[in-house]
Every structure is written in structure tokens, then in C-alpha cells.
Amino acid sequence: MAGGGGGNRAPGGGKKARFEIIPLIDIMFFLLASFMLVSLSMMKLKGLKDVKLPGARTGVQENKPDFITVSITEGGDVGVDEEQVNPASLVDKLKQRVEADVKLKRESRVYINADNRATFQSVAETLDKVRSANITKIVFAIQTGGPGSAPPPPKP
């Protein structure tokens, strides 16, 4: 009986410890999913705080931390990220950011956060200034599906 079928016995006569990996994998996947959800909920749009975005039902929210956020308030004030900027110096500020992006070997991209009561003229002027800073990747930020969202498209 000394050498018979006890495959779970350690040399000292006790039971051999088994390492169960399945529960460990379950816990790791749960932690990974939890951290992903928490990190996604912590992303925020940079920009001036007093901008109320227009709404649309078909919009897709896309938060990218490497975008340059240009905000336009109801009164026509302009800001880059969270810093209010004189509209006359907006192009210079954007060119500085483009130079920094070139050093990081990435293409400059801009979010335009325009208040839903901002004039079209101020939005068009800001868009023109963004383009004159040699930025071609431009996205207009909207609020998805909230009050004031656009009506559904007509049915064919």
C-alpha cells in the first residue's frame, strides 16, 4: 500500500495542495471589467463650464483626451480646453498646441463645443480660425438624446 494510487499525496504523507485557476480567472475578468467601466465614467469633456451643447438623437459620444477642445459660449467668448482665450489670439494658441502635437508625433484634432444659443457667425469665425491653424480634423460636440434634441428623421 505504500506506493498505491494516492496521486494527491505529498512526499511527507499529507495531501498535495492544488492551485485552482478557474476562480482566479473569473476574479481577474471581473476586476478588468470593473476598472474599464470606472475609467470610462471618469472621462470628461474639457472645456468652458457654461456651455450648453445642442442636442441630437443620432449623435455618438466620443471622449478622446488628446483632442483640443475649443468652446464658444452664448456671448461669443472662446476658450481652449478650460482656459478662456481672447478670440484674436485663438490662432496663436492653437498653433502652439499643433507644435506640441507635432513633437508628440500625433495629428491635432479639435472638438468645437458651441453653446446652443451661440450665433452661427461666432461658430463660423471660430471654425475659420481653427482651420487657419492648419487643423483639419474637426468635430462638433453635441449632447446626445437629451432635451432639445433634434426631431427624428422623416420616414421614407
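Residues numbered from 1 in each chain as written. Predicted model: local features only at pLDDT ≥ 70, side-chain atom pairs only at ≥ 80, totals over all residues. Heavy atoms only, no water.

1. Here we look at the pattern of salt bridges
Here is step 1 of the chain: Taken as a whole and assessed by the stated rule, the structure comprises six salt bridges.
Here is step 2 of the chain: We note a salt bridge from Arg106 to Asp101, for which the minimum N-O separation is 3.0 Å.
Here is step 3 of the chain: Between Arg117 and Asp115 there is a salt bridge whose closest N-O contact spans 3.9 Å.
Here is step 4 of the chain: Taking relative accessible area as the criterion, Arg117 reaches 40% and is therefore assigned partly exposed.
Here is step 5 of the chain: For Asp115, a relative accessible area of 3% corresponds to the buried category. (Salt bridge = Lys/Arg side-chain N within 4 Å of Asp/Glu carboxyl O. Buried < 20%, exposed > 50% of the residue type's maximum accessible area, 1.4 Å probe, protein only.)

2. A closer look at unusual backbone geometry
Here is step 1 of the chain: Despite not being glycine, Asp81 shows a phi value in the positive range, around 55°.
Here is step 2 of the chain: Residue Asp81 is classed as buried on the basis of its relative accessible area of 14%.

3. Examining the packing of helix 2 (residues 90-103) against helix 3 (residues 120-132)
Here is step 1 of the chain: Taken N-terminus to C-terminus, the directions of helix 2 and helix 3 make an angle of 40°; their axes are 9 Å apart at the nearest point. It follows from the interaxial angle that helix 2 and helix 3 lie oblique. By crossing handedness, the relation of helix 2 to helix 3 is classed as right-handed. Residues Leu90, Val91, Leu94 and Lys95 of helix 2 touch helix 3, and the partners they reach there are Thr126, Lys129, Val130 and Ser132.
Here is step 2 of the chain: Split by residue class, the contact of helix 2 with helix 3 holds four nonpolar, two polar and two charged. (Axes fitted to C-alpha atoms, helices over the stretch in contact; angles between N-to-C directions. Helix = DSSP H or I, 4+ residues; strand = E, 2+ residues; numbered from the N terminus. Parallel < 35°, antiparallel > 145°, perpendicular 65-115°, else oblique. Left-handed = near helix turned anticlockwise from the far one by under 90°. Contact = heavy atoms within 4.5 Å. Nonpolar A, V, L, I, M, F, W, Y, C, P; charged D, E, K, R; others polar.)

4. Description of the pairing of strand 5 (residues 109-114)
Here is step 1 of the chain: For strand 5, the buried fraction is high: five of the six residues fall into the buried class.
Here is step 2 of the chain: The pairing of strand 2 (residues 68-72) with strand 5 spans five bridges and is classified as parallel. From the neighbouring strand, Ile72 faces strand 5, where its bridge partner is Ala114.
Here is step 3 of the chain: Examined bridge by bridge, strand 5 and strand 6 (residues 137-140) share four bridges and lie parallel to one another. Its bridge partner being in strand 6, Arg109 is matched across the sheet by Lys137.
Here is step 4 of the chain: Between the parallel elements strand 5 and strand 6, the chain passes through helix 3 in a crossover that is right-handed. (Pairing = 2+ DSSP bridges. Right-handed = clockwise from strand over helix to strand, strands pointing away.)

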